[in-house]
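Spelled out from the first residue to the last, the chains are:
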Amino acid sequence: MSDKVWIFDTTLRDGEQALKASLTEDDKLQLAHTISRLNVDVMEVGFPVSSPADFRSVQRIATEVKGPIICGLARAVVKDIEACGEALRPAEQRRIHTFIATSPLHLEHKLRMSLDQATEMAVKSIKLARNYTDDVEFSCEDAGRTPHDDLCRIVERAIAAGASTINLPDTVGYVTPQEYAAMISHLMNNVPNIDKARLSVHCHNDLGLAVANSIAAVQAGARQIECTINGIGERAGNCSMEEVAMILKMRHDYLNLHTDINSEEIYRASRQVSQICNMPVQPNKAIVGENAFAHSSGIHQDGVLKAQNTYEIMSPETVGVPSNQLNMTSRSGRHVIQHRLSELGYQTGDYDMESLYESFLALADQKGTVYDYDLEAMIHFNKISDKDDYYQLDFVNSTSNSQSVASSTVGLVIGGEKVSEAATGNGPVEASYKAIKRITAMDVEVIEYNLDATGAGESSLGQVDIIAKFDGKQYHGAGLAADIVEASVRAMVRVYNLIYRAQQVSDIKQQRKAG
Ligand code: KIV
Ligand code: ZN
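Here the structure is a predicted model, which means the values were calculated and not measured.

Chemist: Would you mind going over the overall build of the protein with me for this structure?
Modeler: In terms of helices and strands, the protein carries 18 helices and 16 strands. Against the globule reference of 24 Å for 515 residues, the protein gives a C-alpha radius of gyration of 25 Å, in line with a compact fold. Dimensions of the protein, computed from C-alpha atoms along their principal axes, come out at roughly 75 × 75 × 45 Å. Looking at the protein residue by residue over its 515 residues, the buried ones come to 53%. In the protein, of all internal contacts separated by at least 6 residues, the share reaching a separation of at least 24 is 65%. With the model as given, the accessible surface of the protein reaches about 23,300 Å², and the carbon-plus-sulfur share is 47%. One finds the centroid of the 49 positive side-chain charges in the protein at a distance of 4 Å from the centroid of its 68 negative side-chain charges.

Given below as structure tokens:
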């Protein structure tokens, strides 16, 4: 029987903290459900003390998502541990993950304390965390650049204080696989109480070694890998979950280790993270890139036709790449859509059939055929009917040609009232955005604009992702439509709704303070 390696997903914490615009509570909840379907062992879903919004979303996930252990991050200080313990309270199974830096560089310049002082703080925090849960993880931040004997000292005390998982992050992505494996072996051989804890690894990808380092560490005896979907995370990212999970599955013969990951959920989770986080996946990315299973050379194509394993070590179905595309038209009924969505792994609770069907028919009329990817995109972006949104798009009417400036008239429904304005610009998108600014009189600045095609060929949908700034905060808006000007306007309308919701939350807080 092979040993199990625990998968600790930190997409919603380390991954999320690297995004240009924070995710909404709804986005995080949707992703949390998807991550739990992957059957990860632990999911780290936020840093509750960092903001009231983070606290609320950790609490909501802890209440609503079942299956994995729900974990929150906390520095080794009282207020962090208390916030984390409170936010996680509703979870069936909860873990507090507390950390302090241990490398000479971090101790001297960042914390300005000795290793002994850091050890005392760690011990106190672990003991405090144990009042909230028996499942406490302790991380030695920048372990990769910490002398091994220093690690042994603090780890022994952390275990004695009640930590049952010890994580050794390569915080800056500096070490190489052999060095990292040697560090794990040193701890296994020199910490007297090491048998009372599971060793964990957390690798960043600054030198492109996060996955290789994680695999070397489990070969040396670590039994938990911390990772993110698509490898998103600080700077060059974290260890990619789909890669380690598939390495352990495909090379079980050699590594004799396994995970409990449901690999058929990988592709869908990857698509969803990419879309919701506005982080495109490079086409040649292992496992989930668009070209991961595409054979271009004639020799390879010929080989695969004769015997698939000549050039393919795993089939696309293993990671859940849909094998067939069922084309749907305006004649397809609700039950066909529901059936197709359930084949794609969506449950009826994931979407509102009535609003989805309305969008489906509108799209089918425009495009003729609606593909799987259209359906998925509708779920991600139009899942919740916009009927209740404060800002709604009524119409956009733009004209442009190569000889003159573009003009656009945009109609919005704001709080139930119809308003419209016209403007000109260098192109129809700029003209539309100016028209919206005229309507709202709000100075929303677009700092990033991305246009992509979702789907294949001429029938693709335009997908627009923008990062916009208002009042010092950044917001991510996404819009999808057959017409790219409409998609751009939809992305902007989404931003306005996010700003509106953020203002409502801050009004409520003000009222509470005043009351
Ligand atoms: O990279 C790191 O060291 C971390 C810790 C907080 C675990 O993310
Ligand atoms: Zn990290």
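Chemist: Looking at this structure, how should I read the site of ligand 1?
Modeler: Every residue near ligand 1 is listed here: Arg13, Asp14, His97, Phe99, Ser139, Glu141, Pro169, Thr171, His202 and His204. Contacts to ligand 1 include Asp14, whose side-chain N or O atom sits 3.1 Å from an oxygen atom. Within the side chain of Thr171, an N or O atom sits 2.6 Å from an oxygen atom of ligand 1. The class makeup of the residues in the shell around ligand 1 is 2 nonpolar, 5 polar and 3 charged.

Chemist: Any chance you could explain a nonpolar patch on the surface here in plain terms?
Modeler: A surface patch of nonpolar side chains, about 300 Å² in accessible area, is lined by Val446, Tyr449, Leu451 and Ile484. Per-element tally for the nonpolar patch: the top contributor is strand 14 (residues 445–454), with 3 residues. With respect to the helices and strands, the residue Val446 is situated in strand 14.

Chemist: Got a minute to help me understand the side chain of Asp170 in this structure?
Modeler: You can see Asp170 is positioned in strand 7 (residues 165–170). Within the buried core, Asp170 has no salt-bridge partner, and the shortest N-O distance to an opposite charge, that of Arg145, equals 6.4 Å. Leaving out residues up to four positions away in the same chain, Asp170 has contacts with Gly144, Val175, Tyr180, His202, Cys203, His204 and Asn213.

What counts and how
Residues numbered from 1 in each chain as written. Chains lettered and ligands numbered in written order. Predicted model: local features only at pLDDT ≥ 70, side-chain atom pairs only at ≥ 80, totals over all residues. Heavy atoms only, no water. Helix = DSSP H or I, 4+ residues; strand = E, 2+ residues; numbered from the N terminus. Rg over C-alpha atoms; globule rule 2.2 N^0.38 Å. Buried < 20%, exposed > 50% of the residue type's maximum accessible area, 1.4 Å probe, protein only. Contact = heavy atoms within 4.5 Å. Areas by Shrake-Rupley, 256 points an atom, 1.4 Å probe, with all protein chains shown as cover. Lys, Arg positive; Asp, Glu negative; His and termini not counted. Charge placed at Lys NZ, Arg CZ, Asp CG, Glu CD. Near = heavy atom within 4 Å. Polar contact = N/O pair within 3.5 Å; in protein donor to acceptor, adjacent residues only side chain to side chain. Nonpolar A, V, L, I, M, F, W, Y, C, P; charged D, E, K, R; others polar. Patch = residues over 30% accessible without salt bridge, like charges linked within 9 Å, V, L, I, M, F, W, Y side chains within 5 Å. Salt bridge = Lys/Arg side-chain N within 4 Å of Asp/Glu carboxyl O.

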